[in-house]
Amino acid sequence: MRYVVIGTGVAGMSAVEAIRSMDGENEIVMAGDDPHGYYSRPGLAYYLSGELHDKALYPRTDADYNRLNFHFVKAQVKSIHKESHTLEFDDRNPLSYDRLLLAVGAQAMPLKVPGATLDGVLKLDHLEDARRILKAAHRGRAAVVIGGGITALELVEGLLAHGMKVRYLLRGDRYWSNVLDTQESRIVEARLQEESVTLHHHAEITEVLGKSGHVHAVRLPDGQILKCDLLAYAIGIQPRLELAKGAGLALDRGILVNEYLQTSVDDIYAAGDVAQVYDPMTGRSVMDSLWHPARQQGYVAGLNMAGKRTVYSKAAPLNVTRLAGLTTTIIGTVGGGRDDDLVGIARGDSETWRELPDAAIAQSGFEVNRVRVMVGENTLTGAVIMGDQKLSLPLEKMILGKVDISPIRERLLAPGSRIGDVITEFWTSRNSKN
Ligand SMILES: Cc1cc2nc3c(=O)[nH]c(=O)nc-3n(C[C@H](O)[C@H](O)[C@H](O)COP(=O)(O)OP(=O)(O)OC[C@H]3O[C@@H](n4cnc5c(N)ncnc54)[C@H](O)[C@@H]3O)c2cc1C
């Protein structure tokens, strides 16, 4: 009996842990094409800004790996033959499996404009990308960043930390408009401007211009040319579906899985950024491209592979992130209501983040404090907390625990309501009664 896991990300690693927790005997093989194996992708932003050393990106020790007792195959899987239960590689013998997990993740959407393959046009997907950016970032030189979400902002901040002059191009009229409200976007933008970032709204790139094979400038739709020594982009991600497609698995936006994270083929499972899972909140099947869900999905898939029938139930999104240096917690549904928004909202939560000395819990003294709550019929459905984080925990518990807020609903919705006071009072009195 052999378990094979493709992908050394958090979903793959959690699956190995789950399998070993159930089965101490049978062989586990993990195949991965990232030369650095398992590390924290969310931590890459902190590596880029110089706040984390690359050693801090590795959450497991050699002793952990020895305890898990699995074989590591450093190679790219080229195809899956589901009838013969084998995997093909380019330069090694085929490998047979009894149960297979696809935990192959997602990758950055490519930039598709002329000149996009010039040197100095960079993305942030994995550790090697971060190293390339660090090598290319030079004090006083000019950078252009494009993309509307958290990764783009991480690129802006990483490049600023290395003394670059940054122009940040936004497609719409404000930052992250499908998740933040106008005031929240403006707060983030104002902070970027304070750090001397030049913002360009309604801006896109039509061409990357080069000199001797290296990026030299970008052209905007109105013909304007912005000179730059580096162009960094984060314009979305796409699940890596090639293997699943080749094997004829059922696909939609990702690999379709049932509540046991099983694909359309019984002995093949999928988890993490590549899987499309059932969401009890919306009753639909959605992508959930985030660290915590990937870890949970990997674990549940591993348990199922090892024979312990376990249902995966998707939790409401909860994210602690830093937007232009401002700690921001985003809980539940706060955007325009499309599935894609839910994914967008959640970029930001990671253990690395929470463990950093300046993360949410450790902060005090804020120049910005803002709380936005989404009030449902008798529960809170979402919240955005910027700055002072003392309401984060009560709001997290109230939203995720679907606490009945009917006693304070009217007060919350009253014009000029002091939301913070109403929630603190309600939460304190509720806890003192329990
Ligand atoms: C810069 C950055 C910042 C992020 N920040 C956050 C954050 O703050 N909070 C958050 O929740 N999420 C964040 N994310 C998203 C989070 O990292 C992902 O959701 C999570 O890593 C997904 O885990 P995974 O195991 O599904 O996939 P991955 O981590 O992508 O791992 C998949 C692995 O499979 C390997 N692979 C793919 N195809 C093959 C093949 N054919 N053969 C062999 N190996 C293969 C890949 O090399 C990769 O190592 C961030 C992501 C990035 C890139």
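Residues numbered from 1 in each chain as written. Predicted model: local features only at pLDDT ≥ 70, side-chain atom pairs only at ≥ 80, totals over all residues. Heavy atoms only, no water.

J.: So what's going on with the overall build of the chain? Residues and values would help.
T.: When its secondary structure is counted, the chain shows 13 helices and 25 strands. For 434 residues, the compact-globule estimate of 2.2 N^0.38 gives 22 Å, and the C-alpha radius of gyration of the chain, at 23 Å, lies within 12% of that figure. Each of the three principal axes of the chain carries a C-alpha extent, and together these read 70 × 65 × 40 Å. A total of 434 residues make up the chain; the buried ones form 54% of that total. Residue pairs at least 24 apart in sequence account for 64% of intrachain contacts in the chain once pairs closer than 6 positions are excluded. For the chain, the accessible surface area stands at approximately 19600 Å², while carbon and sulfur atoms represent 48% of it. The positive charge centre, built from 49 side chains, and the negative charge centre, built from 54, are 2 Å apart in the chain. (Helix = DSSP H or I, 4+ residues; strand = E, 2+ residues; numbered from the N terminus. Rg over C-alpha atoms; globule rule 2.2 N^0.38 Å. Buried < 20%, exposed > 50% of the residue type's maximum accessible area, 1.4 Å probe, protein only. Contact = heavy atoms within 4.5 Å. Areas by Shrake-Rupley, 256 points an atom, 1.4 Å probe, with all protein chains shown as cover. Lys, Arg positive; Asp, Glu negative; His and termini not counted. Charge placed at Lys NZ, Arg CZ, Asp CG, Glu CD.)

J.: Now, about the nonpolar core: what can you tell me, with residues and values included?
T.: Ranked by size, the top nonpolar core spans 53 residues in total, and within it Ile80, Leu87, Leu101 and Leu102 carry the most contacts. When residues in this core are grouped by element, the largest group, 6 residues, is from helix α1 (residues 10–22). Setting aside anything within four residues of it in sequence, one finds leucine 87 in contact with Val4, Ile6, Val77, Ser79, Ile80, Pro94, Leu95, Tyr97 and Leu100. In terms of nonpolar packing, the next biggest core, distinct from the first, is built from 46 residues, Tyr39, Ala137, Val166 and Trp176 among them. (Core = buried A, V, L, I, M, F, W, Y, C linked by side-chain atoms within 4.5 Å.)

J.: Which residues make up the sheet that holds strand β15 (residues 225–227), and what are the values?
T.: Taking strand neighbours across the sheet as the criterion, the 3 strands line up as β13-β14-β15 in an open arrangement whose pairing is antiparallel. Only two strands of the sheet have a single partner each, and these edge strands are β13 (207–211) and β15. The average undirected angle you get between the axes of adjacent strands in this sheet is 35°. Bridging between strand β14 (residues 214–219) and β15 involves 3 bridges; their strand directions are antiparallel. Bridge pairing links arginine 219 to isoleucine 225 in β15. (Pairing = 2+ DSSP bridges. Axes fitted to C-alpha atoms, helices over the stretch in contact; angles between N-to-C directions.)

J.: Can you tell me about the packing of helix α11 (residues 392–400) against helix α13 (residues 419–433), naming the residues and giving the values?
T.: Packed helices, taken two at a time, are described by the angle between their axes plus the distance between the axes. At their nearest, the axes of α11 and α13 sit 10 Å apart, and the two run at 70° to each other. Here α13 runs roughly perpendicular to α11, going by the angle between their axes. Within the contact between the two elements, α11 uses Pro394, Leu395, Lys397 and Met398 and α13 uses Ile423, Phe426 and Trp427. Taken together, the residues of the contact of α11 with α13 sort by class into 6 nonpolar, no polar and 1 charged. (Parallel < 35°, antiparallel > 145°, perpendicular 65-115°, else oblique. Nonpolar A, V, L, I, M, F, W, Y, C, P; charged D, E, K, R; others polar.)

J.: So what's going on with the sheet that holds strand β5 (residues 86–89)? Residues and values would help.
T.: Taken in spatial order, the 3 strands line up as β4-β5-β6 in an open sheet, and their pairing is antiparallel. Of all the strands in the sheet, the pair left with one neighbour each is β4 (77–81) and β6 (95–96). Bridge count between β4 and β5: 4 bridges; the pairing is antiparallel. Bridge pairing in β5 links histidine 81 to threonine 86.

J.: So what's going on with helix α5 (residues 150–161)? Which residues, and what values?
T.: A rise of 1.5 Å per residue sets the reference length of α5, with its 12 residues, at 16 Å; its end C-alpha atoms lie 16 Å apart and thus fit the reference within 8%. Most of α5 sits inside the fold, with 11 of its 12 residues counted as buried. The complete set of buried residues in α5 reads Ile150, Thr151, Ala152, Leu153, Glu154, Leu155, Val156, Glu157, Gly158, Leu159 and Leu160. Residue glycine 163 follows α5 closely and has a positive phi angle near 80°. (Expected span 1.5 Å × (residues − 1).)

J.: Quick one: what's the story with the confidence of the model for the chain, residue by residue and with numbers?
T.: Counting all residues, the mean pLDDT for the chain is 88, and 91% of those residues have values of 70 or more. Low pLDDT, under 50, characterises residues 337–366; the predicted model gives this stretch 81 contacts beyond four residues in sequence or across chains. (pLDDT = per-residue confidence, 0-100.)

J.: With reference to specific residues and values, describe the side chain of aspartate 267.
T.: Here aspartate 267 is to be found in the loop between β18 (255–256) and β19 (268–270). It is arginine 99 that comes nearest to the buried, bridge-free aspartate 267 among opposite-charge side chains, at 6.7 Å. Not counting residues up to four positions away in its chain, the partners in contact with aspartate 267 are His85, Asp98, Arg99 and Leu100. (Salt bridge = Lys/Arg side-chain N within 4 Å of Asp/Glu carboxyl O.)

J.: Quick rundown of the packing of helix α12 (residues 406–413) against α13? Include the residues and the values.
T.: α13 packs onto α12 with a crossing angle of 170° between their chain directions and a minimal axis gap of 10 Å. By the criterion of interaxial angle, the relationship of α12 to α13 is roughly antiparallel. Between α12 and α13 the crossing geometry is right-handed. Along its contact with α12, which presents Pro407, Ile408, Arg411 and Leu412, the element α13 presents Ile419, Val422, Ile423, Glu425 and Phe426. (Left-handed = near helix turned anticlockwise from the far one by under 90°.)

J.: Quick one: what's the story with the environment of tyrosine 38, residue by residue and with numbers?
T.: Of note, tyrosine 38 is situated in the loop between β2 (27–32) and α2 (44–48). For the pair tyrosine 38 and histidine 202, spaced 164 residues apart in sequence, the C-alpha to C-alpha distance is 38 Å. With near-sequence residues (within four places) excluded, tyrosine 38 lies in contact with Thr8, Gly9, Val10, Met13, Tyr58, Pro59, Arg60, Tyr65 and Trp291.

J.: So, the packing of aromatic side chains: which residues are in play, and what are the values?
T.: Evaluated as defined, the whole model comprises 5 aromatic pairs. Relative to tyrosine 175, the ring of tyrosine 168 lies with its centre 6.4 Å away and its plane at 55°, an arrangement referred to as tilted. Exposure remark for tyrosine 175: the relative accessible area of 0% places this residue in the buried category. One aromatic cluster in this structure is built from Tyr168, Tyr175 and Trp176. The positively charged end of arginine 92 is found above the aromatic ring belonging to phenylalanine 89, 5.9 Å away from the centroid. (Phe/Tyr/Trp six-rings, centres within 6.5 Å; stacked < 30°, edge-to-face > 60°. Lys NZ or Arg CZ within 6 Å of the ring centre and 35° of its normal.)

J.: Provide a residue-level description of unusual backbone geometry, including the pertinent values.
T.: Backbone geometry at alanine 324 places phi at a positive 50°, although glycine is not the residue there. Inspection of the secondary structure assignment puts alanine 324 in the loop between β22 (318–323) and β23 (326–332). The exposure class of alanine 324 is buried, given its relative accessible area of 3%. Its identity is not glycine, yet lysine 402 carries a phi of approximately 50°, on the positive side. Position of lysine 402 among the secondary structure elements: in the loop between α11 and α12. Assessed through its relative accessible area of 59%, lysine 402 is described here as exposed.

J.: So what about the pattern of salt bridges? Which residues, and what values?
T.: With the rule as written, the count across this model stands at 22 salt bridges. Note that aspartate 90 is salt-bridged to lysine 78, the shortest N-O span being 3.6 Å. With a gap of 12 residues between them, aspartate 90 in the loop between β5 and β6 and lysine 78 in strand β4 connect regions that are remote in the sequence. By relative accessible area, which is 62% here, aspartate 90 ends up exposed. Residue classification places lysine 78 among the partly exposed positions, given a relative accessible area of 41%.

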